[in-house]
Every structure is written in C-alpha cells, then in structure tokens.
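Architecture and fold: a report
Letter by letter, the chains look like this.
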Amino acid sequence: FLSSCRPGMYQLDIVLKKGNNLAIRDRGGTSDPYVKFKIAGKEIFRSKTIHKNLNPVWDEKVSLLVESLREPLYVKVFDYDFGLQDDFMGSAYLHLESLEHQRTLDVTLDLKDPHYPNHDLGSLELAVTLIPKEGDFREATMLMRRSWKRSSKVITALCVWVCVFVTLQYQSLRLSDVHRKAQLWRGIVSIRLIEARHLQPMDANGLSDPYVKFRMGDQKYRSKTIPKTLNPQWREQFDFHLYDEQGGFIDITIWDKDVGKKDDFMGRCQVDLSVLSKECTHRLDLPLEEGEGTLVLLVTLTASAAVSIADLSVNILDDPHERKEILHRYSLLRSFHNIKDVGLVQVKVIRAEGLMAADVTGKSDPFCVVELSNDRLQTHTVYKNLNPEWNKVFTFNVKDIHSVLEVTVYDEDRDRSADFLGKVAIPLLNIQNGERKAYALKSKELTGPTKGVIFLEIDVIYNVVKAGMRTLIPIEQKYIEDEPRVSKQLLLQNFNRVRRCIMLLINVGCYINSCFEWESPQRSICAFLLFVLVVWNFELYMVPLVLLMLLAWNYILIALGKDTRHGDVVSSDSERKGFMNKLYAIQDVCISVQNALDEVASCGERIKNTFNWTVPFLSWLSIVALCAATLAVYFIPLRYIVLAWGVNKFTKKLRDPYSIDNNELLDFLSRVPSDVQVVGIPYNIHPYCKLPQYCNSDNCMYLDLAKFQNDVISDVKS
C-alpha cells in the first residue's frame with residue numbers, strides 16, 4: 001500500500017528547435033530573440049540569445065520535473081536589448097493535460113500579443129515528451145480514500161497519514177534539490193577592464209564620456225564614466241558567477257554619458273567563455289561592432305569557491321573532522337597560500353516569526369535571500385505562512401572580512417516582482433560564532449523597524465593576516481548600482497553630517513585660540529609649556545605616536561564603560577514636521593551650501609589672481625613677503641621659526657591686552673579680488689580712471705564707478 005503512495009511527478013522533456021518569422025523589434029529590421037519557459041508563474045528555463053535573426057535555430061533541450069499537469073507551460077519570447085528593457089515578441093501556452101504519455105510530439109506554437117491578438121508574431125517549433133515518474137499521485141489519493149472506507153481499523157488510518165507525510169516530504173526533498181542545484185555556481189569569471197582605444201567621438205567637442213556595461217545572464221556590471229576622452233583607462237576588476245560548466249557569453253556594450261538626455265550607443269562586443277582555458281589569465285583585445293575602437297580586458301576562469309546550500313541536519317562545521325580541516329585551511333601557517341581566500345562564513349536560516357501579511361488573504365509566501373557582497377543564495381518558499389521555517393544552511397567564501405551579510409525576506413508573487421517584507425544587515429566582524437539570535441527585521445534603508453523577526457545562527461572563520469592584507473586592496477563593487485536620485489531628506493541629513501564635522505574643527509580651533517587669549521591662565525601656561533617642549537624636541541616619529549596614543553586612549557575609555565561612540569551615530573529624525581518647516585530647512589541648507597561654495601571658490605580664485613597679476617600692487621607685495629620667507633627658512637631652522645611664531649601668539653595678549661586677533665594671510669587674500677569681483681569691477685579699463693596721473697600700469701585702481709555704471713546702462717538700453 002505504501003509503495004503506491006509515491007508522489008505524482010512527471011518528467012517533461014522539451015527540445016526548443018527554432019522560430020519562424022518572428023517579430024521585428026530592432027531598428028535594423030531584425031531582432032535578438034530568446035525564449036523563457038514558465039510554470040505556475042516561476043521561470044524554469046531561459047534559452048540563449050540568437051543575435052540579428054528572425055528565424056533563429058536554438059536546438060536546446062531541457063528536462064523539467066512537473067508536479068501537476070493542470071498548470072500550462074507559458075512560453076514567452078523577448079528581444080534582447082542590453083542596457084535597456086527587453087522588448088516583448090509574443091507568447092503562447094502549451095497545455096500539458098493534452099499531451100500523450102511516453103511519446104514525442106512535434107508542437108508548433110503561434111505567438112500572440114494579449115493586447116493585440118490579431119497581430120501575427122510568428123511561431124515556435126518544439127518537440128515535447130511527457131514521461132510519468134514513480135506513479136500517479138491522484139491515483140494514490142483515490143486508493144487512500146478507498147482504503148479508508150473499506151477499513152475502520154486504526155492501523156489503516158495510521159498508514160494513510162504516514163503515506164501522506166512521506167509523499168509530501170519526498171516532494172519537498174526533490175524540489176528542494178532542484179532549487180539548490182539551480183543556484184550554485186561552478187566557477188568564477190574574474191574580469192579586469194583595462195582600457196579602450198580610438199573610440200568614436202560622440203560629443204560636439206570631438207570627445208566622449210564613455211562607460212562600459214557587462215551582462216552575463218542575469219548578472220550585470222557597470223563601470224565608472226571617464227569624461228572627455230577617446231582612449232579611456234578604467235583599471236576596474238569584478239567577478240561573475242559561472243553556472244554552466246561549458247562556459248557562456250559575456251555581452252559588452254560601450255555608451256557615451258549624456259546629462260539630461262539618452263546616452264549614446266558607441267559599440268558592442270562579446271566574449272565566448274567556452275574557448276578560454278581555465279586557471280589562467282587571458283588578454284583580450286576586442287574590436288567593437290557597430291562602432292569604432294578596441295576594448296582591452298583581462299579574463300580569468302577559476303574553479304568554484306566553497307559555496308553550498310544544505311539542510312540543517314547537513315552542517316559541515318558540526319562535523320569535527322570537517323571543522324578541523326577548515327580551521328587548518330585558515331590557520332596562520334597558511335597565511336600566504338591563496339591570498340584571495342580570506343575565510344568562510346556559514347549562515348543557518350532557521351525561521352521567522354510575525355511577518356507582515358502581503359497577500360489579500362492575510363498571509364504571505366515568504367522566502368529568504370542571503371547576500372554577501374555579490375554572492376547571493378536563497379531558500380525555498382513557504383506558502384501561506386507568517387511564521388515560516390526554512391532550516392537551511394548557506395556557506396560562502398569570504399573575500400573581504402569587512403563585508404556586510406544581508407538577509408532579506410520577500411513575499412513571492414507569481415505574476416510580478418517579489419514584495420519586500422524585511423531585512424537585516426550584519427557586519428562579519430560583529431558576528432558572535434555559534435550564537436542563535438533573533439534579529440528584528442528593518443526597512444529597505446535600514447532606518448526603521450518593520451514587522452517580524454528572523455532567527456539566524458552564524459559562524460565566521462577567517463585568517464587574520466589575509467584579512468589585513470585584503471583591507472589594503474580596493475573594495476569589491478556591486479555589479480550594478482542604482483542611479484542616485486535627488487532627496488530633500490538625504491540632502492538635509494548629509495548637510496548636518498558635514499556641519500557636525502566642521503563644528504568639531506571649529507570647536508578645536510576655539511579651544512586653541514582660548515589658550516592664546518589667556519581666558520584661563522592655568523590652561524594657557526600649561527599649553528605654552530607643552531608647545532615649547534614639543535617644538536623643541538619634535539621628531540617625525542611623534543606623528544604616528546600621537547595617533548597611536550589617541551587610539552589607545554579611546555580603547556581604554558571603551559573598556560571602562562565610558563563609550564562615547566553613540567553620540568556620533570546619525571539618528572533618523574522621527575519627528576514629523578510640517579510642510580513649511582521642511583521648506584525652511586531645505587532653504588537654510590541651500591543658502592549655507594551656496595555661501596560655503598562661494599567662500600571656497602573665492603579663496604581659490606584670490607590665490608590664482610595673486611599669481612596672475614590681477615592687482616600688481618598685491619603681487620609685488622607677495623614677492624617681497626616670499627623673498628623674506630625664503631631667506632628666513634634658508635638661514636634659520638624651521639624649529640626656531642615655529643617656536644618664535646608660537647611665543648609671539650602666546651605673548652601677544654599679554655603685551656597688548658586690547659589687540660584685535662587676526663590672521664595676516666587671510667587679511668592679505670581678502671584684498672585680492674575674486675573672478676566675480678574682477679568681472680564686476682574691471683580693473684583694466686582706463687576710460688573710467690578718475691586719477692589717470694597716478695595710473696602707471698595696465699590695471700588701474702582709481703575707477704569712476706558712477707560713470708562706468710551709466711555707460712553700461714546706456715549700452716543695455718541701446
């Protein structure tokens with residue numbers, strides 16, 4: 001009886017042969033078609049892309065495990081547009097219930113657009129075989145019902161329930177195994193974007209602002225933009241995951257960045273990984289198609305890192321022999337073996353409680369995504385549950401010990417993207433090994449809590465020497481970053497952060513100035529003696545020594561429980577402000593930023609105008625001062641000059657209590673006009689000179705401003 005209760009599984013073998021007369025979606029009168037298969041809203045297959053062809057031939061075979069024949073196979077065709085949203089080319093349904101078992105059928109699917117059903121979008125040719133696997137679950141269910149009716153004994157009922165349990169567990173294990181294999185990558189493609197040569201000019205100035213986009217399946221990466229050049233040098237490195245042992249294709253496009261309008265296409269190229277040998281670096285000089293120039297890459301294919309998904313019962317760190325081998329692999333004795341392999345992190349995703357209801361039924365279909373830098377794995381979906389149990393173990397290789405582990409819970413939706421339910425971010429250095437802990441879920445920006453908690457147990461094993469060496473290497477960038485958007489709240493927050501830093505420097509300056517002003521005689525005497533002692537005995541090694549003492553002092557404060565770090569954390573303002581208050585706050589920020597930019601720009605322009613003789617008198621004065629400074633530094637040791645300056649500053653208030661404190665350098669620069677002032681007051685226009693007899697240079701300082709303004713007004717009127 002139990003043998004007849006095996007799950008109803010079907011093996012669906014599909015050969016995607018070719019397409020006929022597909023729709024045109026590109027400007028050149030062709031398309032770049034690929035095909036997707038979906039069952040029950042889940043994508044189960046994606047074909048390769050055939051470029052520039054309306055009658056593509058794929059000849060790709062895929063084998064699927066199907067639980068029920070009631071759900072049709074949904075076939076969709078798209079036109080691949082790298083960097084843009086792919087264009088829809090048509091869809092069709094294949095009803096599995098109409099297929100004969102154990103027989104290969106040739107099927108032609110006519111593609112249609114649901115919004116324009118009368119349009120002819122071509123057809124697809126398939127070969128389909130449906131094979132029952134391990135019995136029919138519906139027949140087993142009927143058999144259980146009949147057995148229940150025929151027998152009233154307790155043992156029969158018990159067998160029925162055991163059969164149902166075994167069936168569900170068997171199905172879960174089979175599907176979980178398929179899900180696990182679909183996620184694990186079998187290698188890593190390391191790409192170094194070096195440079196491009198002789199690109200096509202796209203801007204009016206005969207130059208371009210190029211950047212590069214890479215795409216390999218669903219993985220994407222975008223380089224930084226190099227402005228105003230036709231021979232850009234990027235020197236960027238990133239990794240893609242290789243899921244197919246036979247290799248794959250990397251699609252590369254180059255774009256010209258244009259502000260305020262659509263970026264210009266500059267060319268494309270492709271890398272076929274199947275022709276590259278593994279475990280060695282290849283230099284590729286790729287000529288651009290549909291454009292001009294050459295792109296230079298370094299590509300390396302390496303074996304897979306130690307990445308795995310397992311059930312909670314299969315845990316490598318719980319095995320003493322496995323744990324001993326891992327500890328030996330990351331011991332100090334192997335610090336210089338495989339420098340990139342810094343360590344290993346194991347994450348046990350146990351369960352979640354009290355999740356937010358995302359469906360209209362008051363339930364959710366939660367699954368959990370675990371991310372470490374660009375590595376991403378996910379659990380299976382637990383349907384109709386707000387307290388799901390996953391009991392999965394994820395293992396990642398650690399490439400940077402400063403990475404942050406992100407665990408995000410989503411609600412699965414069949415026909416649209418998953419809904420966000422909550423997220424936690426845990427720095428690897430803050431993890432306590434072996435501690436099972438409940439983490440409160442937070443919002444996407446991690447600024448506030450959301451509903452629910454998730455239970456995790458995390459272990460991190462790493463080599464300290466490798467981690468320290470990796471700290472001195474550029475941080476790994478995300479494959480693709482969201483475009484920055486203007487946010488009033490973020491602008492206000494960043495302005496307050498900068499203002500806090502500036503206020504700290506101002507407070508330090510005020511404290512030092514108070515010592516010069518003798519506001520507290522005891523403090524000024526101590527500061528004066530310390531200044532003389534440090535200047536007289538100063539050596540270069542004292543600079544890192546002071547920083548070391550500062551670190552040690554703060555560590556002692558933390559050890560004594562006097563932690564002052566919490567006062568530096570930026571907290572989100574939860575107080576709800578009215579519209580006018582927000583408007584005034586933004587206005588204050590804009591005015592402050594405007595004034596700060598004016599001060600910085602004016603200071604730089606005044607220094608420039610000093611050296612380009614905008615005001616000859618001030619330039620001659622600076623020559624005299626620089627000559628005196630050169631002679632003083634040449635003949636007098638710098639230690640004595642600094643000591644004399646300090647003694648003068650400390651004794652100035654004692655010698656003249658009513659003197660006004662000033663900075664001679666800033667006072668000098670305040671006399672030099674900025675570029676705005678030079679435009680507003682033209683120093684080199686002699687027709688408006690009031691005292692021409694005293695004007696002995698090209699830059700006149702005696703201007704008749706009233707006459708100049710009247711002439712300007714008359715010119716504007718005319």
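The rules we used
- Residues numbered from 1 in each chain as written.
- Predicted model: local features only at pLDDT ≥ 70, side-chain atom pairs only at ≥ 80, totals over all residues.
- Heavy atoms only, no water.
- UniProt positions renumbered as here; feature names shortened; annotations may be inferred.
- Helix = DSSP H or I, 4+ residues; strand = E, 2+ residues; numbered from the N terminus.
- Buried < 20%, exposed > 50% of the residue type's maximum accessible area, 1.4 Å probe, protein only.
- Areas by Shrake-Rupley, 256 points an atom, 1.4 Å probe, with all protein chains shown as cover.
- Salt bridge = Lys/Arg side-chain N within 4 Å of Asp/Glu carboxyl O.
- Pairing = 2+ DSSP bridges.
- Axes fitted to C-alpha atoms, helices over the stretch in contact; angles between N-to-C directions.
- Phe/Tyr/Trp six-rings, centres within 6.5 Å; stacked < 30°, edge-to-face > 60°.
- 1 Å grid on protein atoms, 1.4 Å probe; cavity = no way out; pocket = protein on both sides within 12 Å on 5 of 7 lines; lining within 4 Å.
- Points joined across faces, edges and corners; volume = space filled by probe spheres on them.
- Nonpolar A, V, L, I, M, F, W, Y, C, P; charged D, E, K, R; others polar.

The name an unreviewed UniProt entry gives the protein chain is Multiple C2 domains, transmembrane 1a, with Cyprinus carpio as the organism. For the record of the protein chain, the UniProt heading Sequence similarities (unreviewed entry) holds the text "Belongs to the MCTP family."

For the protein chain, the count of helices and strands is 13 helices and 25 strands. Counting all 718 residues of the protein chain, 37% fall into the buried class. With an accessible surface of roughly 44,200 Å², the protein chain has 58% of that area assigned to carbon and sulfur atoms.

A few words on the pattern of salt bridges. Inspection of every chain in the model, using the stated rule, returns 14 salt bridges. Across the pair Arg-283 and Asp-285 runs a salt bridge, and its minimum N-O distance is 3.2 Å. On the accessibility criterion, Asp-285 (37% relative accessible area) is partly exposed. The partner of Glu-406 in a salt bridge is Lys-423, and the shortest N-O contact between them spans 3.6 Å. Pair noted here: Glu-406 is in strand β22 (residues 404-411) and Lys-423 is in strand β23 (residues 419-427), with a separation of 17 residues, a long-range link. Residues participating in the shared-partner salt-bridge network are Glu-195, Arg-197, Arg-283 and Asp-285.

Here we come to the sheet that holds strand β6 (residues 87-94). If you walk across this open sheet you meet the four strands as β3-β2-β5-β6, and the pairing is antiparallel. The two strands at the open ends of the sheet, each matched to only one other strand, are β3 (42-46) and β6. Recorded for the sheet is a direction-independent mean angle of 25 degrees between the axes of neighbouring strands. The pairing of strand β2 (residues 33-39) with strand β5 (residues 73-79) spans seven bridges and is antiparallel. In the sheet register, Pro-33 faces β5, and the bridge partner there is Asp-79.

This part covers the packing of aromatic side chains. Applying the stated rule across the entire model yields 18 aromatic pairs. Taking the centre distance of 5.3 Å and the plane angle of 65 degrees together, the rings of Phe-238 and Phe-240 count as edge-to-face. Owing to a relative accessible area of 1%, Phe-238 belongs among the buried residues under this scheme. On the basis of an interplanar angle of 75 degrees and a centroid distance of 5.4 Å, the ring pair of Trp-255 and Phe-265 is categorised as edge-to-face. Taken as a pair, Trp-255 in strand β13 (residues 249-256) and Phe-265 in strand β14 (residues 264-272) lie far apart in primary sequence, 10 residues in all. Exposure remark for Trp-255: the relative accessible area of 9% places this residue in the buried category. The exposure class assigned to Phe-265 is partly exposed, which follows from its relative accessible area of 25%. What links up through ring pairs into an aromatic cluster is the set Phe-516, Phe-528, Phe-531, Trp-645 and Phe-650.

As a further point, take empty space enclosed by the protein. It is the rolling of a water-molecule-sized probe over the atoms that shows where space remains empty. Applying the stated criterion across every chain yields a total of three cavities of 30 Å³ or more. Lining the largest cavity are Phe-516, Glu-517, Lys-649, Lys-652, Lys-653, Ser-659 and Asp-661. When residues of the lining of the largest cavity are assigned to their parent elements, the largest contribution, three residues, is made by helix α10 (residues 638-655). By volume, the second largest cavity is sized at about 50 Å³. Split by residue class, the lining of the second largest cavity holds two nonpolar, three polar and four charged.

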